[in-house]
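# Residue-level structural notes
What follows is the residue order along each chain.
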Amino acid sequence: QVQLVESGGGLVQAGGSLRLSCAASGRTFSSYTMGWFRQAPGKEREFVAVISWSGSMTLYTGSVKGRFTISRDNAKNTVYLQMNSLKPEDTAVYYCAADRARWSAQVNGYEYDYWGQGTQVTVSS
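Residues numbered from 1 in each chain as written. Predicted model: local features only at pLDDT ≥ 70, side-chain atom pairs only at ≥ 80, totals over all residues. Heavy atoms only, no water.

A word on the environment of Val 12. Relative to the helices and strands, Val 12 resides in strand β2 (residues 10-13). What makes Val 12 buried here is its relative accessible area of 13%. Through-space distance from the C-alpha of Val 12 to that of Thr 28 is 34 Å; in sequence the pair is 16 residues apart. Those residues in contact with Val 12 that sit more than four places away from it in its chain are Ser 17, Leu 18, Leu 86, Thr 122, Val 123 and Ser 124. (Helix = DSSP H or I, 4+ residues; strand = E, 2+ residues; numbered from the N terminus. Buried < 20%, exposed > 50% of the residue type's maximum accessible area, 1.4 Å probe, protein only. Contact = heavy atoms within 4.5 Å.)

Turning next to the state of the cysteines. The full count for this structure, using the stated rule, is one disulfide. Disulfide pairing places Cys 22 opposite Cys 96 at an S-S distance of 1.9 Å. Looking along the S-S bond of the Cys 22-Cys 96 disulfide, the torsion reads about 45°, which is the right-handed sense. Linking Cys 22 in strand β3 (residues 18-24) with Cys 96 in strand β9 (residues 92-99), this pair joins segments that are 74 residues apart in sequence. (Disulfide = S-S within 2.5 Å.)

So, about the pattern of salt bridges. A complete count under the given rule lists four salt bridges for this structure. Between Arg 38 and Glu 46 there is a salt bridge whose closest N-O contact spans 2.6 Å. Owing to a relative accessible area of 4%, Arg 38 belongs among the buried residues under this scheme. The exposure class of Glu 46 is partly exposed, given its relative accessible area of 33%. (Salt bridge = Lys/Arg side-chain N within 4 Å of Asp/Glu carboxyl O.)

Another point: the packing of aromatic side chains. For the structure shown, the criterion picks out five aromatic pairs. Plain terms: the ring middles of Phe 37 and Trp 115 are 5.0 Å apart, the flat faces sit at 55° to each other, and that makes the pair tilted. Placement of Phe 37 in strand β4 (residues 33-39) and of Trp 115 in strand β10 (residues 114-115) is noted, with a sequence separation of 78 residues between them. We classify Phe 37 as buried; its relative accessible area is 2%. Put simply, the rings of Phe 37, Phe 47, Tyr 112 and Trp 115 touch in pairs and so form one group of aromatic residues. When the ring centre of Trp 53 is taken as origin, the NZ or CZ atom of Arg 102, which lies over that ring, is 5.0 Å away. (Phe/Tyr/Trp six-rings, centres within 6.5 Å; stacked < 30°, edge-to-face > 60°. Lys NZ or Arg CZ within 6 Å of the ring centre and 35° of its normal.)

Here it is as C-alpha cells:
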C-alpha cells in the first residue's frame, strides 16, 4: 500500500508561481510512474503531467507545456510540480497519483493505482 500526501497549494495571483509536492510512503516509490491530475469545479478530472520512474521521461498536457515542470527525488520519495506563469484557468484541486507499472505515457486516471487527497490551487485574476 502506498500513501500519497500533497502539499504546496494556495492562493496566488495570475502570473505567479507555486510548487506542489507529493510525498509518498513505501520503499517501492522509485519504481512507480507518477502523475499529476487536476479537477476544477464542475469539470472532470484531467491529466496534467506524468514522469517515469527515473525521471528521464515526462509528458504534459498542452495547456501547461512550457509553464509547468514535473520532477522527482527518489531519495526523498517525493514528486514535484513546479507551476509558473499561472492563469485563472489553472484553478483546481491538484492530485498526485502513482502507477506501479513502468512508463507508458499514462494519461488516464484509471491507469493509476494510488491517489493523494488533493491540494487546492486558486489563481486570482
